[in-house]
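Reading the structure
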Amino acid sequence: MTYKGKVVLAYSGGLDTCVAVKWLMDQGYDVVTMTADVGQVVDLEAVKDKALKTGAVNAYVMDLREEFVSDFVWPALKANAQYQGTYPLNSALSRPLIAKYLVWVAQMEGAVAVAHGCTGKGQDQVRFEVCVGALDPKLQVLAPVRDWHFSRETEIEYAKEHGIPVPVTAKSPYSIDENMWGRAIECGVLEDPWNEPPSDCFALTADPWDAPDAPLYMEIGFEKGLPVSLDGAVMEGPALIAKLNEIAGACGVGRIDMIEDRLVGFKSREVYECPAAVVLMGAHKALEKLTLAKEVHAAKADMENKYGELAYVGYWYSPLKEAYDAFFDKAQEVVSGVARVRLYKGQAVVVGLKSENSLYQDDLATYTDADTFDHGSAKGFINVWGLAVKTWRQVHPAEALTVPDLKAVGQ
Ligand code: ARG
């Protein structure tokens, strides 16, 4: 068999990527693995060990948690990025980062290709391949799991034949992808959209009915659109997210259950738990309502949707995404202040807001004696405001007013 060169494989240590190491070796490659730490709960040293034992010529484990937060999660938070208005894109956001380091390791190792362990039905394959293509178009991308057409049984047989340890514990009925921004849960009983997600599919959140009976209040400080403190204690991004995941998760906050339109053309039932993302997004949106000019806020809402879609479909390194970032950065300059959030049995509600940049003016909003609003000017304003509609109706008179058959009272 001809030697094909080195390939860098995105490696989680699960059965698929372990089998992929051997399979790529069988195809004539030297395999280098790259495992990204984006905050998933796993023994990374053991993963590295396993890669080398399986036959990898080199195994990288990279702590990418800080970069994940600063360059992927925070821009998404500034954008309030939620695919189809609901999914905080936790899995989607990690892919361009992993792609970046696949390319980096490939260049360091002089590899000819990179590889991922995605199947042909998901969007992660799309994200990896589009992002790798954007960063280094010369690299080939291999997708062993998509290409080998193994059934589960054949895969296990192949693993056993090649001395790859097959997990003895019963395989989780769910497919999980996890990082600091949240956890995605698919498959098993969740495939029937009529089934309520059972408690055992969740790991970060308590069942709301088991959560504490007293509400928990929390103050989140923001600086230019990003969270910087919890209850007055200044914290770095990763620590703040971890703490919020813990606190809000214990209150049962952050569960998302949705039907999602996949890029690859079908609808899929997706369950997520993203305590920190849900709380931060809610607090951030509320603070934006207090501090952003009306027109900026409205323009931003349209872009937020589009931005979420770009992240979802693998267009992270696109010029449009970059241009949106510039807009969001500018808009966020005034989004500083504090949001007070009440966490209670599965819900996070913003109950208080303050900001030095607040555009809320007491003397204009109040109904008390302190009111300074110029009531007199309302009359002229309304005349001008309504002029176009009035003119239209003079030229095209409205049909006679019709009313339902009400019993007339009075006369
Ligand atoms: N549907 C989500 C997405 O496409 C989550 C995918 C998570 N992957 C998994 N193996 N559970 O971004």
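Rules behind the numbers
Residues numbered from 1 in each chain as written. Predicted model: local features only at pLDDT ≥ 70, side-chain atom pairs only at ≥ 80, totals over all residues. Heavy atoms only, no water. UniProt positions renumbered as here; feature names shortened; annotations may be inferred. Helix = DSSP H or I, 4+ residues; strand = E, 2+ residues; numbered from the N terminus. Buried < 20%, exposed > 50% of the residue type's maximum accessible area, 1.4 Å probe, protein only. Contact = heavy atoms within 4.5 Å. Lys, Arg positive; Asp, Glu negative; His and termini not counted. Charge placed at Lys NZ, Arg CZ, Asp CG, Glu CD. Phe/Tyr/Trp six-rings, centres within 6.5 Å; stacked < 30°, edge-to-face > 60°. Lys NZ or Arg CZ within 6 Å of the ring centre and 35° of its normal. Core = buried A, V, L, I, M, F, W, Y, C linked by side-chain atoms within 4.5 Å. Near = heavy atom within 4 Å. Polar contact = N/O pair within 3.5 Å; in protein donor to acceptor, adjacent residues only side chain to side chain. Nonpolar A, V, L, I, M, F, W, Y, C, P; charged D, E, K, R; others polar.

For the chain, an unreviewed UniProt entry supplies the name Argininosuccinate synthase and the organism Aminithiophilus ramosus. Database annotation for the chain, UniProt heading Subunit (unreviewed entry): "Homotetramer." What UniProt states about the chain under its Catalytic activity (unreviewed entry) heading is, verbatim, "L-citrulline + L-aspartate + ATP = 2-(N(omega)-L-arginino)succinate + AMP + diphosphate + H(+)".

A few words on the overall build of the chain. Within the chain one finds 13 helices and 14 strands. If one aligns the C-alpha atoms of the chain with their principal axes, the spans along those axes are about 95 × 55 × 45 Å. For the chain, buried positions account for 45% of its 411 residues. Counting contacts in the chain only where the partners sit at least 6 residues apart, residues at least 24 apart contribute 72% of the total. Looking at charge distribution, the chain has the averaged site of its 39 positive side-chain charges lying 2 Å from that of its 57 negative ones.

The next subject is the environment of Ala206. With respect to the helices and strands, Ala206 occurs in the loop between strand 7 (182-186) and strand 8 (216-223). Note on Ala206: relative accessible area 23%, which makes it partly exposed. Spatially, the C-alpha atoms of Ala206 and Leu102 are 35 Å apart, while their sequence positions differ by 104 residues. Not counting the four nearest positions on each side in its chain, Ala206 is found in contact with Gly249, Ala250, Gly252 and Arg255.

Looking now at the packing of aromatic side chains. Tallied over the full model, the rule gives 15 aromatic pairs. Pairing Tyr87 with Tyr312 gives two aromatic rings, centres 6.1 Å apart and planes at 85 degrees, and the pair type is edge-to-face. Taken as a pair, Tyr87 in the loop between helix 3 (65-78) and helix 4 (90-109) and Tyr312 in helix 10 (residues 294-312) lie far apart in primary sequence, 225 residues in all. For Tyr87, a relative accessible area of 2% translates into the label buried. The buried category is assigned to Tyr312, whose relative accessible area is 1%. Ring geometry for Phe327 against Phe328: centres 5.9 Å apart, planes inclined by 75 degrees, an arrangement best described as edge-to-face. With relative accessibility at 27%, the residue Phe327 sits in the partly exposed group. The exposure class assigned to Phe328 is buried, which follows from its relative accessible area of 1%. Site record: aromatic cluster; members linked through ring pairs are Phe72, Tyr307, Trp316, Tyr324, Phe327 and Phe328. One residue, Arg255, lies across the ring of Phe202, its end atom 3.7 Å from the ring centre. The lysine or arginine in question, Lys321, covers the ring of Trp316, its NZ or CZ lying 4.0 Å from the ring centre.

Turning next to the environment of Val47. Residue placement: Val47 occurs in helix 2 (residues 44-54). In the structure, Val47 is positioned 30 residues away from Leu77 in sequence and 31 Å away in space, judged by C-alpha atoms. Ignoring anything within four residues of it in the chain, the contact list for Val47 reads Tyr11, Ser12, Gly13, Thr35 and Val42.

Across soluble globular proteins, nonpolar side chains have a tendency to be buried as a group. Ranked by internal contacts, the top residues of the largest apolar core, which has 79 residues, are Met34, Ile220 and Leu280. The element that contributes the greatest number of residues to this core is helix 4, accounting for 10 residues. The residues contacting Leu280, other than those within four sequence positions of it, are Trp74, Leu77, Trp181, Ile220, Phe222, Pro227, Leu240, Ile241 and Leu244. If you look at the next biggest cluster of nonpolar residues, it comprises 24 residues, including Leu15, Ala51, Leu142 and Trp148.

A separate point is the site of the ligand. As a structural note, the neighbourhood of the ligand is formed by 14 residues, with Tyr87, Arg127, Glu186, Glu260 and Glu270 the closest of them. Glu186 has a polar side-chain atom sitting 2.9 Å from a nitrogen atom of the ligand. A distance of 2.8 Å is found between a nitrogen atom of the ligand and a side-chain nitrogen or oxygen belonging to Glu270. Those elements that provide at least two residues to the shell around the ligand are helix 4, helix 5 (124-135), strand 6 (175-179), strand 7 and strand 12 (267-273). The leading source of residues in the shell around the ligand is strand 6, at three residues. Class assignment for the residues of the shell around the ligand results in five nonpolar, three polar and six charged.

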